[in-house]
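Understanding the architecture of this molecule
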Amino acid sequence: MRARTDHYEHIAREAVSGLMRSTLDTGVPIGLGVITVRQVEHAEAQSKSGPGNKGAEAAAAAVRAALALKEME
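From a predicted model like this one, the values you see are computed outputs, not experimental measurements. (Residues numbered from 1 in each chain as written. Predicted model: local features only at pLDDT ≥ 70, side-chain atom pairs only at ≥ 80, totals over all residues. Heavy atoms only, no water.)

1. A few points about the overall build of the protein
- From N to C terminus, the protein includes 3 helices and 0 strands.
- Seen in sequence order, the protein has helices and strands lined up from the N terminus as α-α-α.
- For the protein, the C-alpha radius of gyration of 15 Å lies well beyond 11 Å, the compact-globule estimate for 73 residues.
- Projected onto its principal axes, the C-alpha coordinates of the protein cover approximately 55 × 30 × 10 Å. (Helix = DSSP H or I, 4+ residues; strand = E, 2+ residues; numbered from the N terminus. Rg over C-alpha atoms; globule rule 2.2 N^0.38 Å.)

2. Some points on the pattern of salt bridges
- What the rule picks out here adds up to 2 salt bridges.
- Aspartate 25 is the salt-bridge partner of arginine 21, the closest N and O atoms lying 2.9 Å from each other. Placement of both arginine 21 and aspartate 25 in helix 1 (residues 7-26) is noted, with a separation of 4 residues, approximately one turn of the helix.
- Residue lysine 54 is joined to glutamate 57 by a salt bridge in which the shortest nitrogen-to-oxygen separation is 3.3 Å. Separated by 3 residues within a single helix, lysine 54 and glutamate 57 lie in helix 3 (residues 54-72), roughly one turn from each other.
- A relative accessible area of 37% means that glutamate 57 is categorised as partly exposed. (Salt bridge = Lys/Arg side-chain N within 4 Å of Asp/Glu carboxyl O. Buried < 20%, exposed > 50% of the residue type's maximum accessible area, 1.4 Å probe, protein only.)

3. Side note on a nonpolar patch on the surface
- On the surface, a nonpolar cluster with roughly 210 Å² of combined accessible area is contributed by Val16, Leu32 and Val34.
- Examined against the element boundaries, valine 34 turns out to sit in the loop between helix 1 and helix 2 (40-47). (Patch = residues over 30% accessible without salt bridge, like charges linked within 9 Å, V, L, I, M, F, W, Y side chains within 5 Å. Areas by Shrake-Rupley, 256 points an atom, 1.4 Å probe, with all protein chains shown as cover.)

4. Overview of the environment of alanine 58
- On the secondary structure map, alanine 58 appears in helix 3.
- A sequence separation of 28 residues divides alanine 58 from isoleucine 30, and the C-alpha atoms of the two residues are 8.6 Å apart.
- In contact with alanine 58, other than residues within four places in its own chain, are Gly31, Leu32 and Gly33. (Contact = heavy atoms within 4.5 Å.)

5. Structural notes on helix 1
- Across its 20 residues, helix 1 extends 29 Å between first and last C-alpha, which sits within 8% of the 28 Å expected from 1.5 Å per residue.
- A positive phi of about 75° marks glycine 27, the residue just after helix 1. (Expected span 1.5 Å × (residues − 1).)

6. Focus on the environment of alanine 59
- With respect to the secondary-structure elements, alanine 59 resides in helix 3.
- Along the primary structure alanine 59 and isoleucine 30 are separated by 29 residues, whereas in three dimensions their C-alpha atoms are 8.4 Å apart.

Put into structure tokens, the structure is as follows:
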């Protein structure tokens, strides 16, 4: 039976909100690699090596943002 409250949605929302606030306050891009899933298999699929690794995608996006900001200086 599924719980009435999806705690991972609340956690993800607050994590994103805090990171966004930190980015806006500091001007430093921050990557988010929090995986919110209902099943362990989904987390494993999104965190294994290779294409589709959400942590690697988040890191690459942060690097691209930092490079873009540097070019704008």
